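Residue strings, one per chain:
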Amino acid sequence: MWNLTKFVASRLSRSRRFFSSVIPRPCIIQKRGADILHDPWINKETGFPLTERNRLGLRGLLPPRVISFEQQYARFMESYRSLEKNTVSESDTSHVALAKWRILNRLHDRNETLYFRVLIDNIKDFAPIIYTPTVGLVCQNYSGLFRRPRGMYFSAKDKGEMMSMIYNWPAQKVDMIVLTDGSRILGLGDLGVHGIGIPIGKLDMYVAAAGLNPQRILPVMLDVGTNNLKLIEDPLYLGLRQPRLEGEEYLSIIDEFIEAVLTRWPKAIVQFEDFQMKWAFETLKRYRERFCMFNDDVQGTAGVALAGLLGTVRAQGRSLDDFPNQKIVVVGAGSAGLGVLSMAVQAVVRMTGNAETAAQNFFLLDKDGLLTKERKNLDPAAVAFAKDPGLIAGLRDGDSLLEVVKKVKPDVLLGLSGVGGVFNEEVLKALRESGSNRPAIFAMSNPTMNAECTAVEAFKHAGENIVFASGSPFENVQLGNGKVGYVNQANNMYLFPGIGLGALLSGARIITNDMLQAAAECLASYMTDQDIEKGILYPSINSIRDITAEVGASVVRAAVAEEVAEGYGKVDPEELAYMSKEETVEYVRRNMWYPNYSPLVQQK
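Just so you know, these numbers come straight off a predicted model, no measurement behind them.

A. View of the overall build of the protein chain. Helix and strand counts for the protein chain come out as 25 helices and 16 strands. The C-alpha radius of gyration of the protein chain comes to 25 Å, within 12% of the 25 Å expected for a compact globule of 604 residues. Its C-alpha atoms give the protein chain principal-axis dimensions of about 80 × 60 × 60 Å. Here the protein chain, with 604 residues, has 58% of them falling under the buried criterion. Counted over contacts in the protein chain with a minimum sequence separation of 6, partners at least 24 positions apart contribute 72%.

B. Inspection of the nonpolar core at higher detail. Membership of the largest hydrophobic core comes to 131 residues, with the highest contact counts inside it found for Phe323, Leu414, Phe442 and Tyr538. Once residues within four sequence positions are removed from consideration, Phe442 is found in contact with Gly308, Leu309, Thr312, Val412, Leu413, Leu414, Gly415, Phe423, Ala469, Leu537 and Tyr538.

C. The arrangement of helix H25 (residues 581-590) in detail. Those residues of H25 that fall on the buried side of the exposure criterion are Thr584, Val585, Tyr587 and Val588. Buried residues along H25 cover an arc of 155 degrees about the axis, so they all sit on one side. For H25, exposure combined with an orientation more than 90 degrees from the buried face picks out Glu582 and Arg590. Of the surrounding secondary structure, the elements contacted by the buried residues of H25 are helix H20 (496-506), helix H23 (544-561) and helix H24 (573-578).

D. Region of interest: the side chain of Lys387. Looking at where Lys387 falls in the secondary structure, it is placed in the loop between strand S9 (369-370) and helix H17 (401-408). Although Lys387 is buried, it makes no salt bridge; Asp388 carries the closest opposite charge, 7.8 Å away. For Lys387, the residues in contact, after removing those within four places along its chain, are Ala359, Gln360, Asn361, Phe362, Phe363, Leu371, Thr372 and Lys373.

E. Expanded view of the UniProt feature "binding site: a divalent metal cation" (unreviewed entry) in the protein chain. Mapped onto the present numbering, the UniProt feature "binding site: a divalent metal cation" (unreviewed entry) falls at Glu273, Asp274 and Asp297. A maximum C-alpha distance of 6.6 Å places the annotated residues, which cover 25 residues in sequence, within one compact spot. Structurally, the position occupied by Asp274 is in the loop between strand S5 (269-272) and helix H14 (277-287). What makes Asp274 buried here is its relative accessible area of 2%.

F. Spotlight on the packing of helix H5 (residues 93-110) against helix H6 (residues 112-121). Taken N-terminus to C-terminus, the directions of H5 and H6 make an angle of 140 degrees; their axes are 6 Å apart at the nearest point. On the basis of their axis angle, the class for H5 and H6 is oblique. Here H5 contributes Leu104, Leu107, His108 and Arg110 to the contact with H6, which in turn contributes Glu112, Leu114, Tyr115, Phe116 and Val118.

G. Quick look at the sheet that holds strand S15 (residues 487-489). The mixed open sheet is built from seven strands, whose spatial order is S9-S8-S7-S10-S11-S12-S15. Every other strand in the sheet has two partners, leaving S9 and S15 as the edge strands with one partner each. In this sheet, strand S8 (residues 362-366) lies alongside strand S7 (residues 328-331) in parallel orientation, the contact comprising four bridges. Within S8, the residue paired with Val331 across the bridge is Leu365. Across the sheet, helix H19 (residues 455-462) lies against strand S11 (440-443), strand S12 (467-470) and S15, angled at about 155 degrees from S12, the strand it touches most.

H. Molecular detail of the domain arrangement of the protein chain. When cut into domains, the protein chain gives domain 1 (70-295), domain 2 (299-493) and domain 3 (498-524 + 537-590). Taken together, the 22 residues of domain 2 in the interface contact 12 residues of domain 3. On the domain 2 side of the contact with domain 3, Ala307, Arg350 and Met493 bury the most area, a combined 31% of that side's loss. Where domain 2 packs against domain 3, one counts one salt bridge. Of the charged contacts in the structure, one is a salt bridge between Glu521 and Arg350, with a shortest N-O distance of 3.6 Å.

I. Just helix H16 (residues 335-352), in detail. Taking 1.5 Å of rise per residue, 18 residues should cover 26 Å, and H16 covers 26 Å from first to last C-alpha, within 8% of that figure. Inspection of H16 places Ser335, Ala336, Gly337, Leu338, Gly339, Val340, Leu341, Met343, Ala344, Val345, Ala347 and Val348 among the buried residues, and these make up the whole buried set. Looking at the packing, one finds that the buried side of H16 touches H14, helix H15 (296-315), S7, S8, strand S10 (412-415) and helix H21 (513-525). Looking one or two residues beyond H16, the residue adopting positive phi is Gly353, at roughly 75 degrees.

J. Region of interest: the pairing of strand S3 (residues 176-180). Most of S3 is tucked away: five of the five residues are buried. Of the two faces of S3, the one holding Met176, Val178 and Thr180 and the one holding Ile177 and Leu179 are both buried throughout. As defined by bridge partners, S3 adjoins strand S4 (residues 217-223) across five bridges and the pair is classed as parallel. Residue Thr180 lies in a different strand from S4, and its bridge partner there is Met221.

K. Representation of the packing of aromatic side chains in the model. Scanning the model with the defined rule gives 16 aromatic pairs in all. The ring centre of Phe363 lies 4.8 Å from the NZ or CZ of Lys387, which sits over that ring. The cationic tip of Arg545 hangs over the ring face of Tyr594; the distance from NZ or CZ to the ring centre is 4.5 Å.

Quick notes on the rules
- Residues numbered from 1 in each chain as written.
- Predicted model: local features only at pLDDT ≥ 70, side-chain atom pairs only at ≥ 80, totals over all residues.
- Heavy atoms only, no water.
- Helix = DSSP H or I, 4+ residues; strand = E, 2+ residues; numbered from the N terminus.
- Rg over C-alpha atoms; globule rule 2.2 N^0.38 Å.
- Buried < 20%, exposed > 50% of the residue type's maximum accessible area, 1.4 Å probe, protein only.
- Contact = heavy atoms within 4.5 Å.
- Core = buried A, V, L, I, M, F, W, Y, C linked by side-chain atoms within 4.5 Å.
- Arc of directions from axis to C-beta.
- Lys, Arg positive; Asp, Glu negative; His and termini not counted.
- Salt bridge = Lys/Arg side-chain N within 4 Å of Asp/Glu carboxyl O.
- UniProt positions renumbered as here; feature names shortened; annotations may be inferred.
- Axes fitted to C-alpha atoms, helices over the stretch in contact; angles between N-to-C directions.
- Parallel < 35°, antiparallel > 145°, perpendicular 65-115°, else oblique.
- Pairing = 2+ DSSP bridges.
- Domains from an automatic or database assignment.
- Buried area = accessible area lost by both parts, 1.4 Å probe.
- Expected span 1.5 Å × (residues − 1).
- Phe/Tyr/Trp six-rings, centres within 6.5 Å; stacked < 30°, edge-to-face > 60°.
- Lys NZ or Arg CZ within 6 Å of the ring centre and 35° of its normal.

As structure tokens, then:
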């Protein structure tokens, strides 16, 4: 039975332990009365003390009893646990997931401070609801779920107006923007304006994991149309009913938006999210040397995958210096797959100093099979990873995954294909015969239905002595005899908050390859040898803020080393350069936002 009194007492104790050193600064506001209650940034609901009720014209607009922050927290958790209990027997898991999302979203709509405290303290339970995999369901049903706007929407119809539109956003300062055009949402394809759910979920994770101030973040939907006929014909669809813009017309819209953002907030970091492959690489090439930006699908996913690959070498009982000798088969030649290969090859070059042979042990497959230089109309982004014919006896262009696994005998099978079940029984059994003492399987496609295989399938067909990682949550597998097959969630939530926070706190002009490599290597080194021996490559999400502090600090140090750091606030680049590793981590921690009610002061 739920014991509210004990829960509040335990919460108070925990709160004192973690937040006692954080004294909320006064928040200057220009609102009064009911307008305050309708603003989720400053609303405390029944938590307003009597002095503030008198000062701010709230007396009589709230029930008389003051309910503390901890009591509000406990009341919300009681209602959430009640929902869990009442839906435990339901077979429709998507219905249950959306019900959980709704209750969290309602809290987000009315009280951001309480929402983020709940999210931080229960990150393991709530991350799958506000982020993957539930965010995919939210995006698929966004028009029907829409209740109130969050973020900004720029469309092709706004061409010529974006410079003035950007000033409609009420925040005077923005640190982080997550931008999507909705063209490739997870593995679900073109969802048009419904894709706004991704930037919202990502930025919630930035606040929870990296401590970004929620008043300084901005989710953005850039609506350039959709090629999804189902959406265009849907009477509830909220976006433009027109085919997607292409070519220079498309790029002119992106250019105008970026110019507007940098005019108002020149130090804002822009994260590109879920763009289809051709535009993911084109925009990255177009902007990465001009301002502080990165593409999470290309670079964030690559960093997480690289951290897992480096951990796999350790799990196989080998030295990290042996990473260049790992044979890795990558299934999926989209932005994520090519991003992983690019970063992995860069790591090999750093280790060996030899760029000519750095890609020789990587094998790339798309929907038509193995890519070789014999392939006609080969995508320019994939040319560097296409194999020379005859490199391995009998290997030919277009060979199936099964044929490649049998001939290459890889140490790692990495999936970013978006095709559910592509790692079938035959493929997994072939991997078992590869000769590797501990083969690794990364089934990284999202959402869950698009995962290349499940954890149960992997351990059943590839053997118990494997390393398994997935992009979506799977339960650990009971192997018998008390053994457990550990399931790693290779999710980019481990990296993108640290990359963004490190770039912000260093004042980086741009985000460089070395900054991204530093983040990946920091994550790879986070796990102990004992964890790695068990097959655990990634830390628990419960420690996400600790991970982000370490990763963020590594990004700061890399930015300083590359002389792209310009400092943050009153901390200049010279001060950053003189900080020790430990001091840099502490600097990052000090600048993380924590959710506490701030005293409100009205500016008359």
